Structures are given as C-alpha cells and as structure tokens.
Amino acid sequence: MPLVGTALLATAGMVATVAAGCGDGAGAAPKITTTARAGVAPVPPKQGAYFGAWVPPEGTGRPSSSPSGAPSGTPSGSPSGKDAGKPGMAPIARFEQRLGRQLDIVQSYRSWKSDFPGALEKSVADGNRYLLLTWGGADTRKIVQGEYDDLIAKRARAVKDLGKPVFLRWSRDMDRSSAGKRVHSPADYIAAWKHLREIFKEQQVDNVAWVWCPTARGFGGPDAGSYYPGDDQVDWICADAQPGGDYDYRDLSESVKLFMEWARKHKKPIMIAEFGVPKAYGTRRADWLREAAKTLQDPQVKAVVYFNSDEQAENARDKRRAYSVNGDKHATSALRELATTPYFNPRNLPVTSGG
C-alpha cells in the first residue's frame with residue numbers, strides 16, 4: 001500500500017479515472033471516475049473486488065459473538081501472525097486465521113464526537129490493509145452553520161496524519177427514518193456532506209476516498225437516491241445490504257437489486273459495506289453465502305465488507321439480526337470460499353487452509 005508522504009500537498013480535487021473492468025465485451029464494467037487521487041487515496045482494483053470485514057473488538061457485542069473453542073492466539077505462520085499483537089488486532093487476526101487470508105479492508109466505527117484515529121485505526125494503517133472508517137453523523141444544519149468546523153478540521157488533520165489511504169464512510173444509513181431528526185432532509189444532508197469535504201480540502205487531506213452509503217432497502221421505499229451529493233462529490237457508491245429481520249429468508253441478490261439498478265447510472269465503484277447472513281437461516285447459511293459470492297462478482301462491485309457481528313440482535317434469541325459466522329463450521333467454510341476466490345483477492349494475498 002502506498003505511503004502518502006509529501007503527496008498530501010497535491011490538489012485534493014484532482015480527478016482520477018480508472019479502468020475497472022475485466023476487459024471489453026459483455027459484463028465489462030464502465031469506466032469509473034473518482035475524485036480520489038490514485039496512489040494516495042484508495043481507488044478500485046483493476047480487476048475483482050477487495051474483501052473486508054467488521055470484526056467487533058474484544059469485550060463488546062453479544063456473548064454469542066465469541067465462538068466457543070475459538071483459537072486464543074494466531075500462529076506466527078498464519079497470514080496475520082505478525083500483526084496479532086498490535087493494539088486492537090487480536091480479534092481481526094483470529095478471524096483472518098479462520099478465513100485463511102488477510103483482509104484487504106478492516107472496518108472501524110467512530111461516533112461523531114469520538115477522537116480518532118484510535119489504537120485499531122493506527123494498527124491497521126501500520127500494516128498492509130485499508131482502513132474503512134465509518135464516522136457517525138450529526139445535525140446537518142448545525143454542520144452547515146459552522147458549529148462543528150473546529151471538530152471537523154481536527155478530525156481531517158488526524159486522518160491526514162495517518163499517512164495511509166483511508167475509506168471514509170460518513171453518516172451512513174442517512175435514509176433511515178430513525179436518522180430523520182439529525183438529517184432533516186436530503187438537501188440538508190447534501191449541504192453538510194459538501195461542507196465536510198470543503199473543510200477536508202482546506203486541510204489538504206488527499207488520502208481519503210469518500211464513501212456514500214445509504215441502506216439498500218432505501219431504494220425500494222424511501223428515495224435513498226435523493227440523498228446523493230453528486231458524482232463530483234463521491235468516490236464510492238455503497239449500500240448496507242443486510243436482509244432485514246422481517247424476512248424468513250432473502251437472498252442477497254434480492255436485497256441489492258434496486259440499489260444496483262440505481263448504481264448502474266453512475267460511473268462509480270460499488271462497495272457493499274455491511275452484508276451478512278442471519279443465524280436464523282440455519283443450515284442454509286452456507287448456500288446463502290455461495291449465492292452471495294455469485295451476486296457480488298459483478299464488474300462494478302469493487303469492495304465487499306462482511307458484518308461479522310451479532311451486536312444488532314435485540315437479545316440472545318434474535319437470530320434474524322445476528323450475522324457472525326464464529327462457531328458455525330459450515331458458514332465459516334462458505335465465507336472462506338468467498339474470501340479466497342480470486343475475484344475477491346485482487347492483491348493476490350497468500351492463502352492458507354484456514355482453521
């Protein structure tokens with residue numbers, strides 16, 4: 001992964017165009033545009049899609065997130081052995097051990113007023129993985145009025161000082177009704193997005209790729225697309241695509257169908273930032289993941305991030321919102337198949353048998 005170094009002083013608005021397809025002909029991806037600067041901020045792989053995950057920190061989430069009999073350490077010969085001892089990396093290293101490969105992307109979550117980067121973000125930046133920093137939102141009107149300018153500038157400088165490419169996913173799921181009181185309206189959201197970008201530009205932050213991420217479900221009911229800031233403001237188009245607790249069974253292809261139809265109209269790489277198979281699917285989880293792998297091998301999909309957590313479950317019996325594959329031998333095996341498929345290993349990282 002490239003170092004930023006003095007290149008951070010380059011123009012933040014530089015536009016790079018990358019050929020993201022696998023060749024000409026049927027199924028080839030469109031030419032993809034991005035405001036991110038190649039070699040400094042994350043840009044799509046020329047072929048395939050990065051594979052990443054959200055792995056909760058130790059001591060958080062539901063008790064069911066921690067598998068019984070899980071390895072307590074990571075052998076030094078595994079893909080993650082040298083990183084297991086870094087702050088915040090032990091759960092990720094164990095997850096990578098089970099997958100049999102290192103992640104391309106490690107996701108972290110920070111609330112609006114949280115200081116970052118923290119230990120995990122610094123550890124990720126210190127290695128050969130991309131950081132996907134999911135940053136919580138705030139009242140959009142207060143942002144535009146300048147109430148948070150000092151906070152935003154401080155965060156911008158902190159991200160710049162990491163000196164490595166960072167995916168920044170700000171105020172995800174802005175289309176949810178629960179976000180209405182702080183988002184207010186699509187116009188308010190877009191104005192706030194542009195305000196953040198302008199401050200990052202003033203701070204000469206070039207190592208960020210801006211990831212716009214509503215829910216996939218928002219394209220079937222509420223108009224999630226109305227929150228889109230524009231192709232000149234977005235580097236990656238993203239969706240959170242969990243099946244939802246109101247379905248007995250739903251393939252990923254159905255969850256993302258309307259989002260994908262919308263995304264085809266934009267020459268942007270697609271990221272599926274939170275997808276997961278519910279524990280409620282039982283013995284069908286492995287088949288769900290194998291079908292998901294087919295759906296995600298789309299020439300415009302350039303990054304996929306598994307949500308390996310049960311923290312959204314309302315209680316221990318809520319299996320429809322529990323997505324961790326820990327302790328599920330068949331689901332883990334199917335996710336390992338997905339992660340080690342060449343399409344999802346565009347950097348050709350070493351692969352082991354897992355376990």
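Thresholds applied
Residues numbered from 1 in each chain as written. Predicted model: local features only at pLDDT ≥ 70, side-chain atom pairs only at ≥ 80, totals over all residues. Heavy atoms only, no water. Pairing = 2+ DSSP bridges. Helix = DSSP H or I, 4+ residues; strand = E, 2+ residues; numbered from the N terminus. Axes fitted to C-alpha atoms, helices over the stretch in contact; angles between N-to-C directions. Expected span 1.5 Å × (residues − 1). Buried < 20%, exposed > 50% of the residue type's maximum accessible area, 1.4 Å probe, protein only. Core = buried A, V, L, I, M, F, W, Y, C linked by side-chain atoms within 4.5 Å. Phe/Tyr/Trp six-rings, centres within 6.5 Å; stacked < 30°, edge-to-face > 60°. Lys NZ or Arg CZ within 6 Å of the ring centre and 35° of its normal.

Caption draft 1: Layout of the sheet that holds strand E3 (residues 50-54). Here we have 8 strands rolled up into a closed barrel, ordered E3-E4-E5-E6-E7-E8-E9-E10, and parallel in their pairing. Geometrically, the sheet is characterised by an average inter-axis angle of 25 degrees between neighbouring strands, direction not taken into account. With 6 bridges connecting them, strand E4 (residues 105-110) and strand E5 (residues 130-135) associate as parallel partners. Within E5, the position partnered with Ser108 by the bridge is Leu133.

Caption draft 2: Seen up close, helix H4 (residues 149-162). For H4, built from 14 residues, the straight-helix expectation of 20 Å at 1.5 Å per residue is met to within 8% by its first-to-last C-alpha distance of 20 Å. Among the residues making up H4, those that are buried are Leu151, Ile152, Ala153, Arg155, Ala156, Ala158, Val159, Lys160 and Leu162. After H4 finishes, the residue Gly163 shows a positive phi value of roughly 70 degrees.

Caption draft 3: Molecular detail of the nonpolar core. Of all hydrophobic cores here, the largest spans 84 residues; its most connected members are Phe51, Trp112, Trp212, Phe259 and Tyr306. Tallying contributions element by element places helix H6 (residues 186-202) first for this core, with 7 residues. Ala41, Tyr50, Val211 and Trp236 belong to the second-largest nonpolar core, a separate cluster that totals 17 residues.

Caption draft 4: Spatial organisation of the packing of aromatic side chains. Enumeration according to the criterion identifies 23 aromatic pairs in this entry. Within the aromatic cluster, the residues linked to one another by ring pairs are Trp112, Phe116, Trp135, Tyr148, Trp170, Tyr189, Trp193, Phe200, Trp210 and Tyr227. The ring of Phe116 is capped by Arg155, whose NZ or CZ atom sits 5.5 Å from the centre of that ring. Across from the ring centre of Tyr281, 5.9 Å away, lies the NZ or CZ of Arg284, which sits over that ring.

That is the geometry; function is a separate question.
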